[in-house]
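Chains, contacts and geometry: an overview
Residue-level listing of the chains:
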Amino acid sequence: MKCPFCNNQNTRVIDSRPAEDNSAIRRRRMCDECGKRFTTYEKVETIPFVVIKKDNNREPYERSKIEAGVMRACHKRPISVHEINALIDEVETIIFNREEKEIESKEIGELVMDKLKDLEAVAYVRFASVYREFKDVNTFMDELKKMLT
């Protein structure tokens, strides 16, 4: 592993332990050249996964797209980055545990909305308004009424 400070190739692991949910290994490393320490994470490589978009185009799965949508929905809400990452990890676990190598973007959106509904109501409504493409106030109100019942 290359040192992020001095780009030296020789680093060594000084501590290794499971990350929060046991889905990754957290490694503390030290550079043999400059002596600085840094952390790396090791995750199991997953099978390439394809997302089927609304227009039937197919593209590779990218976690960053879910992260961006959830971050926008949670903007200025009392939700920690840890909670957001945990939500995305849960969604990914569900997706990757499926037998299929393709999933519709609609299914991913529904999974995210289910998790956001349990996490924070305002973030859920924000995500749903973009995801479900609310056309007017009545559509928005219908969704709010569903939440209250």
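The following paragraphs examine the structure supplied in this document.

Scoring rules and cut-offs
Residues numbered from 1 in each chain as written. Predicted model: local features only at pLDDT ≥ 70, side-chain atom pairs only at ≥ 80, totals over all residues. Heavy atoms only, no water. Helix = DSSP H or I, 4+ residues; strand = E, 2+ residues; numbered from the N terminus. Buried < 20%, exposed > 50% of the residue type's maximum accessible area, 1.4 Å probe, protein only. Contact = heavy atoms within 4.5 Å. Areas by Shrake-Rupley, 256 points an atom, 1.4 Å probe, with all protein chains shown as cover. Lys, Arg positive; Asp, Glu negative; His and termini not counted. Charge placed at Lys NZ, Arg CZ, Asp CG, Glu CD. Polar contact = N/O pair within 3.5 Å; in protein donor to acceptor, adjacent residues only side chain to side chain.

This part covers the overall build of the protein. For the protein, the count of helices and strands is 5 helices and 6 strands. In the protein, the succession of α and β elements from N to C terminus is β-β-β-β-β-α-α-β-α-α-α. Taking the principal axes of its C-alpha atoms as reference, the protein extends roughly 65 × 35 × 25 Å. Across the 149 residues that make up the protein, the buried fraction comes to 30%. Considering only contacts in the protein between residues 6 or more positions apart, those separated by 24 or more positions represent 42%. As presented, the protein carries roughly 10,300 Å² of accessible surface, and 50% of it is formed by carbon and sulfur atoms. In the protein, which carries 28 positive and 28 negative side-chain charges, the distance between the mean positions of the two groups comes to 5 Å.

Here we come to helix 4 (residues 121-131). Buried residues of helix 4: A123, Y124, V125, F127, A128 and Y131, and no others. Next to the buried residues of helix 4 lie helix 1 (63-73), helix 3 (105-119) and helix 5 (137-148). A distance of 3.1 Å separates the backbone nitrogen of V122 from a side-chain oxygen at the start of helix 4, and that oxygen is part of E120. Count one or two residues on from helix 4 and you reach E133, which has phi positive near 55°.

Our focus in this paragraph is unusual backbone geometry. Glycine aside, residues mostly have negative phi, and peptide bonds are mostly found in the trans state. The residue N7 is not glycine, and still its phi comes out positive at about 65°. Relative to the helices and strands, N7 resides in the segment before strand 1 (11-18).

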